[in-house]
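# Reading the structure
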Amino acid sequence: MMNVVVMAAWMSTWLIIALRLRKPPQPRPPSWLLNSLWLLALIIQGANLILTWTNSQSGFVDFFAALSVVLWLTCFLLFLAQLNRPLESLGLLIIPFIPPTLLGSYFFPTQSTSLNLDNGLGLHIFISLLAYSLLTLAALHALLLGLQIRQLHDHKPNILVRTLPPLQDMESLLFKVIALGWLLLSLSLISGFIYLDDLFAQHVAHKTLLSILAWCVFAILLYGHWQYGWRGKKAIRWTLVGFLLLMIAFFGSKFVLEYLKQP
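Keep in mind it's a predicted model, so treat the numbers as computed, not measured.

## As for the packing of helix α6 (residues 121-153) against helix α8 (residues 167-195)
The packing of two helices is summarised by the inter-axis angle and the distance between the axes. Closest axis-to-axis distance for the α6/α8 pair is 8 Å, and the angle between their directions is 155°. For the element pair α6 / α8, the angle class is roughly antiparallel. Classified by chirality, the crossing of α8 by α6 is left-handed.

So this is what it looks like as structure tokens:
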């Protein structure tokens, strides 16, 4: 029942965002209504996640639970960002992933191994999820930036592109988000080496390798932007490659271990 309420709250938020993209003179819902619904959806899903965690007492370590947290954190970060910048349209890309994730957690539950989160592992997991969320937001931002570049090049910007900040501001914000996400990913890798005693015994060696590759991709992108002025389509491609590596590292491997290799 709680999942149904969460989905209803998020889909209402998505609908308001879509209606705010309508062309004049059609009426647009006010921003206060969007912010209120968005905040309500965050509170309801956040409460649901807390209840799930307190009932399981094993942390957000299974596939759908971890994905739910990343989506919630991404929506929370986007909510804060769109308060000062016209970035609400990014919600059209991320919110539709929430209902399938909630349905997946209900219909395809897994038995996660209980973890002791008091020895620093909980901090490692939280930093990792926050890094994934920021870099997910960066990937969505890159997709929207790519659409903006193409339509401005064709001189046919649609209503979605016309609501975005100027291209230079969009690119500047993209690199700020990537830099912060890369910093958190660095802390995640460092804390992982500290708190995970045996990478091979815990089936995370492949995750570590792919995460390091993703870290390198984002590091090269940031260096290229700083030293050589990389931007535009090149920045978008590097961002998406790093994001895909990171998602395969964590969610791809978790899906295989929890669903495809189950006895």
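There's more to say after this.
## As for the pattern of salt bridges
A full pass over the atoms with the stated rule returns 2 salt bridges. A salt bridge links glutamate 171 to arginine 231; the nearest nitrogen and oxygen atoms lie 3.0 Å apart. Here the residue glutamate 171 occupies a position in helix α8, and arginine 231 occupies one in the loop between α9 (205-228) and α10 (232-260), the gap between them amounting to 60 residues. On the accessibility criterion, glutamate 171 (7% relative accessible area) is buried.

## Topic: the side chain of glutamate 88
Relative to the helices and strands, glutamate 88 is located in the loop between α3 (63-82) and α4 (91-94). For glutamate 88, the side chain forms a polar contact with the side chain of arginine 20, separated by 2.7 Å. Excluding residues that lie within four positions of it along the chain, glutamate 88 makes contacts with Ile17, Arg20, Leu34, Trp38 and Gln82.

## Focus: the environment of serine 105
Mapped onto the elements of the fold, serine 105 is located in helix α5 (residues 98-107). Setting aside chain neighbours within four positions, we find serine 105 in contact with Asn3 and Phe64.

## Here's the deal with the environment of glycine 224
Within the secondary structure, glycine 224 sits in helix α9. Looking at glycine 224, the relative accessible area reads 1%, which means it is buried. Considering only alpha carbons, one finds glycine 224 and lysine 234, 10 residues apart in sequence, at a separation of 9.9 Å.

Rules behind the numbers
- Residues numbered from 1 in each chain as written.
- Predicted model: local features only at pLDDT ≥ 70, side-chain atom pairs only at ≥ 80, totals over all residues.
- Heavy atoms only, no water.
- Axes fitted to C-alpha atoms, helices over the stretch in contact; angles between N-to-C directions.
- Helix = DSSP H or I, 4+ residues; strand = E, 2+ residues; numbered from the N terminus.
- Parallel < 35°, antiparallel > 145°, perpendicular 65-115°, else oblique.
- Left-handed = near helix turned anticlockwise from the far one by under 90°.
- Salt bridge = Lys/Arg side-chain N within 4 Å of Asp/Glu carboxyl O.
- Buried < 20%, exposed > 50% of the residue type's maximum accessible area, 1.4 Å probe, protein only.
- Polar contact = N/O pair within 3.5 Å; in protein donor to acceptor, adjacent residues only side chain to side chain.
- Contact = heavy atoms within 4.5 Å.

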